[in-house]
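This is what each chain is made of:
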Amino acid sequence: MNKQKKEYTNQEKYVRNYKKNRRIILFSQIALVFVFIGVWELFSSVGILDEFLFSKPSAIVKLLAQYIKTNEIFKHVGISLYETLLGLIIGTSLGILLAIGLWFSKTLTKILDPFLVVLNALPKTALAPILIIWAGTGIKGIVVVSISLSLVMTIISAHNFFAHVDEDKLKMLKSFHASKFQILTKLVLPSNVANLLSIIKINIGMAWVGVIVGEFLVSRFGIGYLVVYGGQVFKLDLVMMGVFVLAILAYLMYLIVTIFEKYYRKKR
Amino acid sequence: MENEIEFKNVCKSFYSLKGETHVLQNMNFTIKKGEIVAIVGPSGCGKSTLLNLISGLIKPDQGTIQISKKVGYMFQKDNLLEWRTVYKNITLGPEIKKIKVDNKHIDTLLEKYGLSEFKFHYPKELSGGMRQRVALLRTLVLDPDILLLDEPFSSLDYQTKITVQDDIYKIIKETQKTTILVTHDITEAIAMANRVLVLTKRPSTIKAVFDIQLDLKEEKTPFLARNSAKFKDYFNLIWEALDIHE
Ligand SMILES: Nc1ncnc2c1ncn2[C@@H]1O[C@H](COP(=O)(O)OP(=O)(O)OP(=O)(O)O)[C@@H](O)[C@H]1O
Ligand SMILES: [Mg+2]
């Protein structure tokens, strides 16, 4: 393209505008983070915020650096991540499997419907102590709490997606005498990939909540433990560091699913 | 010629807690090999139900339906699966029936219907007319002897509709398929069919049958059919039989 030419075609203008808009959004996001951290740091330093209650960014970073240096952070991150992944994978896949089971039988779905609704309404975090007593303390109990948070909702929403698959496409497959299993693999599942990914996204949050609650209760390791311990000994730096690490981890997991989503969208 | 489809006293109702919907009442007709039969009738009178019965998707309450051959069903919506390429959509039938596909045959079909370039494209990249042709190919790949078309052109814009009608008519004639075409469009029925069945309101029976003879000089195509002097007469006859204000 001729660089001396100053006139842009409408298409070029559109692309430039689009890119400019993207840059503005990204810049604003980064600016927001920096302003937030800057104001926090400043207010804590000059005493507008009580440092003892609110901690401050530089102290948090210092503490994090120390934890990284001693490799201690990796122990906590490792165990929490392990528990969360287990909870997420088991909760989501079990939920989807059970939803598929329900999809096979309308009558069974109707029978179980009220029970699922009630189970879903139970205050799972409040019941966590009992779950841990049943499942055993340690990783097992924590993973069970994590699963309990996402399982029922996964069953309900996945089944709802499966049951509302396009009627006309269903008829088309039936006109080829497709079996119920073929309808599942050739229509129901592939048409719901995007929906299942969004369920996974929601479950990432749920699995983390479950793990943190579990660690609150019984663990001596993990991010949840760090946060609780920090609170008990009034080390707010530690609490904030835990929350910060947690946010990063949850975001990274979310990002991975988003990448899958993008790849999937591109494909079709 | 032999009968390919035979309805004898067929009755069909649907049941729900609110009550019975009596759809078909004593349907009797036969369709011979190679015929193109159009079915017109008021909305909701049971035209789709009739095709569903022929395809075996549902069973009649009373009476018998005899079908000697394989049936292919094409719907108003193309129902292409967006996550499959054109090729994968076309081979869906064989895949379900676990029949090996003859790729050469598919390539010639794609070539013939102007879709070769799009073999590995996804449905969203195709125009409405192309999508409808892909849907037809998906039905034709299993080589059915009887073709059921349920308002296959109603989602197309007028110009596309006229060309796709010609395309599909040609395909039907070349492959000598027995065809039942359900439509709301009287002109389409006359242009495509050699026989038009008019149904009554629910519970529906056959109200009138018209053998379409347009006396064309050239070989018939749906487009040329519209020029026939007798076209308007048939239109008026069918319009009267439909009796919208009844
Ligand atoms: N599976 C079903 N269960 C209950 N009722 C049905 C079912 N299928 C069709 N019906 C009813 O049967 C009647 C005829 O339906 P059908 O779809 O055959 O009509 P149609 O002539 O194809 O209508 P249209 O011209 O609108 O396509 C309608 O009243 C419809 O509500
Ligand atoms: Mg219909």
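Everything numeric in this text was worked out from a predicted model, so none of it was measured.

(A) Looking closely at the domain arrangement of chain A. Residues and elements named next belong to chain A. Entries for chain A in the domain assignment read domain 1 (1-49) and domain 2 (56-267). Here the C-alpha centroids of domain 1 and domain 2 sit 33 Å apart. Listed as interface residues are five residues of domain 1 and, on the opposing side, five residues of domain 2. Of the roughly 420 Å² buried at the junction of domain 1 and domain 2 (both faces included), carbon and sulfur atoms supply 70%. Ranking the residues of domain 1 by area buried against domain 2 places W40, E41 and S44 at the top, with a combined share of 84%. For the interface between domain 1 and domain 2, the tally reads one residue pair in polar contact (both at pLDDT 80 or more). In the side of domain 1 that touches domain 2, the residues fall into two nonpolar, two polar and one charged.

(B) Region of interest: the confidence of the model for chain B. Mean pLDDT over chain B works out to 91, with 98% of the residues at or above the 70 mark. The ipTM for the predicted assembly is 0.89, set against a pTM of 0.86.

(C) Just the domain arrangement of chain B, in detail. All names here are of chain B. Each assigned domain of chain B is listed here: domain 1 (1-69 + 146-246) and domain 2 (78-144). Placing a centre on the C-alpha atoms of domain 1 and another on those of domain 2 gives a separation of 25 Å. With 11 residues of domain 1 at the contact, the number on the domain 2 side is 11 residues. If you sort the residues of domain 1 by the area they bury against domain 2, L147, I171 and K177 come out on top, with a joint share of 43%. Among the salt bridges present, the one from E174 reaches K112, with a minimum N-O distance of 3.1 Å. Linking domain 1 with domain 2 are four residue pairs in polar contact (both at pLDDT 80 or more), by the criterion used here. Put simply, the parts of the chain that give the side of domain 1 that touches domain 2 at least two residues each are strand 6 (146-150) and helix 6 (158-175). With six residues, helix 6 is the single largest residue contributor to the side of domain 1 that touches domain 2. Each residue belonging to the side of domain 1 that touches domain 2 can be placed in one class, and the counts come to seven nonpolar, one polar and three charged.

Reading the values: rules and limits
- Residues numbered from 1 in each chain as written.
- Chains lettered and ligands numbered in written order.
- Predicted model: local features only at pLDDT ≥ 70, side-chain atom pairs only at ≥ 80, totals over all residues.
- Heavy atoms only, no water.
- Domains from an automatic or database assignment.
- Contact = heavy atoms within 4.5 Å.
- Buried area = accessible area lost by both parts, 1.4 Å probe.
- Polar contact = N/O pair within 3.5 Å; in protein donor to acceptor, adjacent residues only side chain to side chain.
- Nonpolar A, V, L, I, M, F, W, Y, C, P; charged D, E, K, R; others polar.
- pLDDT = per-residue confidence, 0-100.
- Salt bridge = Lys/Arg side-chain N within 4 Å of Asp/Glu carboxyl O.
- Helix = DSSP H or I, 4+ residues; strand = E, 2+ residues; numbered from the N terminus.

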